[in-house]
Number of protein chains: 2
Amino acid sequence: MSFRELLQQVVQNVDGAVACALMGVDGIEVDCVLQEEVGLDVRTLLIEYSSLFRAAREAASAHEAGGVSELSVQSERLLVVARLVSPEYFMVVALEPDGNFGKARFMMRVTAPKLLAEL
Amino acid sequence: MSFRELLQQVVQNVDGAVACALMGVDGIEVDCVLQEEVGLDVRTLLIEYSSLFRAAREAASAHEAGGVSELSVQSERLLVVARLVSPEYFMVVALEPDGNFGKARFMMRVTAPKLLAEL
């Protein structure tokens, strides 16, 4: 299955998902599937959020908390969950605020190894 | 109930919780309850992580995603969940990696208004 199909599968299987992307930890998008319009620029926000992943990684490593595998940010209009796929790439799901957070985390856990196999 | 008692209640009621703190968004700790030794400096890590909360807030606000209410970082040795209590303060729970994430989020949702009433 291609990157795109794997990302699409996540979006389709998570209630409230509006986007799923594969991104470099450097913030460069590899691929992104947008499910519906939410009235804000999700792709740009995800790029901006990728710096959080880098900052969390540096802080955790500096304080001996080990590698960062997952990060989530809940804001008024969007819930974003990111999960590391490889040391250089992570996948991210953006959901409506009342979207199914647990299902998103589950789908990412299942999909990350499949994405990794395609990298 | 005092700050400390409220924080203690969270630590005691969440499986795998190692610390619960009330912090300023500027990174200054108001109070912190440490449950057990995890072999890393949790308090310093939480101060470092508070910059993530500020960065997430700036990014979300700049991209019209609204205010940030919750942030979580899962690393190899620690799971940290932060929740906004007021525009200036947030509470944070640190758990062992396999700690009860759902219960931590629930306890924070219940406790945040009580902490706010004491601020």
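Here's a quick rundown of the structure.

1. Brief notes about the interface of chain A and chain B
Working step 1: Contacts between the two partners involve 29 residues from chain A and, on the opposite side, 29 residues from chain B.
Working step 2: Around 2400 Å² of area is buried between chain A and chain B when both sides are counted, 59% of it from carbon and sulfur atoms.
Working step 3: Broken down residue by residue, the surface that chain A buries against chain B is led by His63, Ala65 and Gln74 of chain A, which jointly contribute 23%.
Working step 4: Applying the counting rule to chain A against chain B returns 15 residue pairs in polar contact (both at pLDDT 80 or more).
Working step 5: When residues of the side of chain A that touches chain B are traced back to their parent elements, those giving at least two are α2 (42-62), β3 (68-75) and α3 (101-118) of chain A.
Working step 6: Sort the elements by how many residues they give to the side of chain A that touches chain B and α2 of chain A lands first, with nine residues.
Working step 7: Here the side of chain A that touches chain B is composed, by residue class, of 14 nonpolar, nine polar and six charged.

2. Points about the sheet that holds strand β4 (residues 79-84) of chain B
Working step 1: Spatially, β2(A)-β1(A)-β5(A)-β4(A)-β3(A)-β3(B)-β4(B)-β5(B)-β1(B)-β2(B) is the arrangement adopted by the ten strands of the open sheet, whose pairing is antiparallel. Edge positions in the sheet fall to β2 (29-34) of chain A together with β2 (29-34) of chain B, since each has one partner strand and no second. Strand-to-strand twist of the sheet, defined as the mean angle between neighbouring strand axes without regard to direction, takes the value 10 degrees.
Working step 2: Across five bridges, β3 of chain A lies against strand β4 (residues 79-84) of chain A in antiparallel orientation. By the bridge assignment for β4 of chain A, Leu71 of chain A is matched with Ala82 of chain A.
Working step 3: Contacts between helix α1 (residues 3-13) of chain A and the sheet are confined to β1 (17-24), β2 and β5 (89-95) of chain A, with β2 of chain A contributing the most and set at about 40 degrees to the helix.

3. Describing the pattern of salt bridges
Between side chains of opposite charge, pairing is possible as soon as their charged atoms come close.
All names here are of chain A.
Working step 1: One pass over the structure, following the stated rule, counts eight salt bridges over all chains.
Working step 2: Of the charged contacts in the structure, one is a salt bridge between Glu70 and Arg105, with a shortest N-O distance of 2.7 Å. Highlighted residues: Glu70 in strand β3 and Arg105 in helix α3, separated in sequence by 35 residues. Considered together, Glu70 and Arg105 belong to a single accessibility category, that of buried residues.

4. Some points on the relation of the copies chain A and chain B
Working step 1: Mapping chain A onto chain B leaves a residual RMSD of 0.0 Å; the transformation is a rotation of 180 degrees accompanied by 0.0 Å of translation along its axis. As the rotation angle and translation indicate, the two copies are arranged about a two-fold axis. When C-alpha distances to the rotation axis are compared across chain A, the minimum falls at Ser72 of chain A, with a value of 2.6 Å.
Working step 2: Take the interface residues of chain A: 100% of them recur as interface residues in chain B, which is what a same-surface contact looks like.

5. Examining the packing of aromatic side chains
Residue and element names in this part refer to chain A.
Working step 1: Following the criterion strictly, the structure yields three aromatic pairs over all chains and no others.
Working step 2: With centroids separated by 4.9 Å and ring planes inclined at 0 degrees, the aromatic side chains of Phe53 and Phe90 adopt a geometry described as stacked. Here Phe90 lies in strand β5 and Phe53 lies in helix α2, a separation of 37 residues in the sequence. The same class applies to Phe53 and to Phe90, which are both buried.
Working step 3: Over the aromatic face of Phe101 sits the side chain of Arg105, whose NZ or CZ is 5.9 Å from the ring centroid.

6. Looking at helix α2 (residues 42-62) of chain B
Residue and element names in this part refer to chain B.
Working step 1: The end-to-end C-alpha distance of α2 is 30 Å, a good match for the 30 Å that 21 residues give at a rise of 1.5 Å each.
Working step 2: Among the residues of α2, Val42, Leu45, Leu46, Tyr49, Ser50, Leu52, Phe53, Ala56, Ala59 and Ala60 are the ones counted as buried.
Working step 3: Immediately beyond the C-terminal end of α2, within one or two residues, lies Glu64, with a positive phi of roughly 60 degrees.

7. Re unusual backbone geometry
Working step 1: Notably, Glu64 of chain A is not glycine yet its phi reads approximately 60 degrees, a positive angle.
Working step 2: Looking at where Glu64 of chain A falls in the secondary structure, it is placed in the loop between α2 and β3.

Calculation criteria
Residues numbered from 1 in each chain as written. Chains lettered and ligands numbered in written order. Predicted model: local features only at pLDDT ≥ 70, side-chain atom pairs only at ≥ 80, totals over all residues. Heavy atoms only, no water. Contact = heavy atoms within 4.5 Å. Buried area = accessible area lost by both parts, 1.4 Å probe. Polar contact = N/O pair within 3.5 Å; in protein donor to acceptor, adjacent residues only side chain to side chain. Helix = DSSP H or I, 4+ residues; strand = E, 2+ residues; numbered from the N terminus. Nonpolar A, V, L, I, M, F, W, Y, C, P; charged D, E, K, R; others polar. Pairing = 2+ DSSP bridges. Axes fitted to C-alpha atoms, helices over the stretch in contact; angles between N-to-C directions. Salt bridge = Lys/Arg side-chain N within 4 Å of Asp/Glu carboxyl O. Buried < 20%, exposed > 50% of the residue type's maximum accessible area, 1.4 Å probe, protein only. Least-squares fit on C-alpha atoms with pLDDT ≥ 70 in both. Phe/Tyr/Trp six-rings, centres within 6.5 Å; stacked < 30°, edge-to-face > 60°. Lys NZ or Arg CZ within 6 Å of the ring centre and 35° of its normal. Expected span 1.5 Å × (residues − 1).

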